[in-house]
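# Report on the structure
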Amino acid sequence: KGKSYQVRNGKVRLYTNYSMFQRAQNMSSRTNWLILVDTRTNKTAVYYGSRGNWAEMKYWNCTTGAAGSPTVKGSFTVQSKGLAFGSGYTCWYYTQFYGNYLFHSILYNPGSKTSVQDGRLGINASHGCIRLSLANAKWIYDNIPRGTKVYIY
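Residues numbered from 1 in each chain as written. Predicted model: local features only at pLDDT ≥ 70, side-chain atom pairs only at ≥ 80, totals over all residues. Heavy atoms only, no water.

### Here we look at the overall build of the chain
Rules: Only runs of H or I of at least four residues qualify as helices and only runs of E of at least two qualify as strands under DSSP, and these elements are numbered from the N terminus. Note on method: radius of gyration uses C-alpha positions; expected globular size equals 2.2 Å times residues raised to 0.38. To sort residues, take the accessible area from a 1.4 Å probe on protein chains only and compare it with the maximum for the residue type: under 20% means buried, over 50% means exposed, and anything in between is partly exposed. By definition, residues are in contact when any of their heavy atoms lie within 4.5 Å. This count recognises Lys and Arg as positive and Asp and Glu as negative, with His and chain-terminal groups excluded. Lysine's charge is taken at NZ, arginine's at CZ, aspartate's at CG and glutamate's at CD.
Scanning the chain from terminus to terminus reveals two helices and 15 strands. For the chain, whose C-alpha radius of gyration is 15 Å, the value lies close to the compact-globule estimate of 15 Å for 153 residues. Taking the principal axes of the C-alpha coordinates as reference, the chain spans close to 50 × 30 × 30 Å. In the chain, buried positions account for 48% of the 153 residues. Summarising the internal contacts of the chain: among those between residues at least 6 apart in sequence, 54% fall at separations of at least 24. Averaging the coordinates of the 19 positive side-chain charges in the chain and doing the same for the 4 negative ones gives two points 7 Å apart.

Right, dumping it as structure tokens:
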């Protein structure tokens, strides 16, 4: 549902958002993974492959920075990871890509993975981080290696 296909050199490639998919094709990463984030539409896409031959693996709603605390834009790389952080809330499965900018779960009440404090996705409402569902934040935490290129626009 909502997926499109491209056939090139005998290979079929799947994508959800054609302009994001095309943007990815011009990028390289030190790993076989690439993450793009569109702060206007609040979408995150994860690709596997290499420059000119990226295949979309995941396409998710996310929440990026609010007007007063925008998400940093540009090209970054995945750095450290951790299980949780927060004071008065808990964010799970963080993956750092630049300074204090992270991929992490939505906000939960302290120590909980079921009691949601702020579960909004698809809008500009964070302090600059990229919020994802718990499952999607954990997927990045579990699967995306350090050194992976993250491009935010």
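### Brief notes about the pairing of strand 4 (residues 43-48)
Quick reminder of the rule: One requirement defines pairing of two strands: DSSP has to find at least two bridges between them.
The pairing of strand 3 (residues 33-38) with strand 4 spans six bridges and is classified as antiparallel. When the bridges of strand 4 are listed, Leu34 appears paired with Tyr47. Across six bridges, strand 4 lies against strand 5 (residues 55-61) in antiparallel orientation. Following the sheet pairing, Val46 is matched in strand 5 by Lys58. Hairpin connection of strand 4 to strand 5: six residues between the antiparallel strands, including Gly49 at a positive phi of 140 degrees.

### Re unusual backbone geometry
For residues other than glycine, phi is negative in most cases, and the peptide bonds are mostly trans. The phi dihedral of Asn42 falls on the positive side, at around 55 degrees, and the residue is not glycine. Its location among the elements puts Asn42 in the loop between strand 3 and strand 4. The phi torsion at Tyr93 lies on the positive side, around 55 degrees, for a residue other than glycine. For Tyr93, the position within the fold is in strand 9 (residues 91-98). Look at Tyr93 and you get buried, because its relative accessible area is 9%.

### Points about the nonpolar core
To be explicit about the condition: In this description, a nonpolar core means a group of buried Ala, Val, Leu, Ile, Met, Phe, Trp, Tyr and Cys residues linked to one another through side-chain atoms lying within 4.5 Å.
Ranked by size, the top nonpolar core spans 23 residues in total, and within it Ile35, Phe97, Phe103, Ile140, Ile144 and Val150 carry the most contacts. Elements that contribute at least two residues to this core include exactly strand 3, strand 9, strand 14 (130-132), helix 2 (134-143) and strand 15 (149-152). Setting aside residues no more than four positions away along its own chain, Ile35 makes contact with Thr44, Ala45, Val46, Phe103, Ile140, Ile144, Lys149, Val150 and Tyr151. With eleven residues, the next largest nonpolar core counts Tyr15, Met20, Ala24 and Ala45 among its residues.

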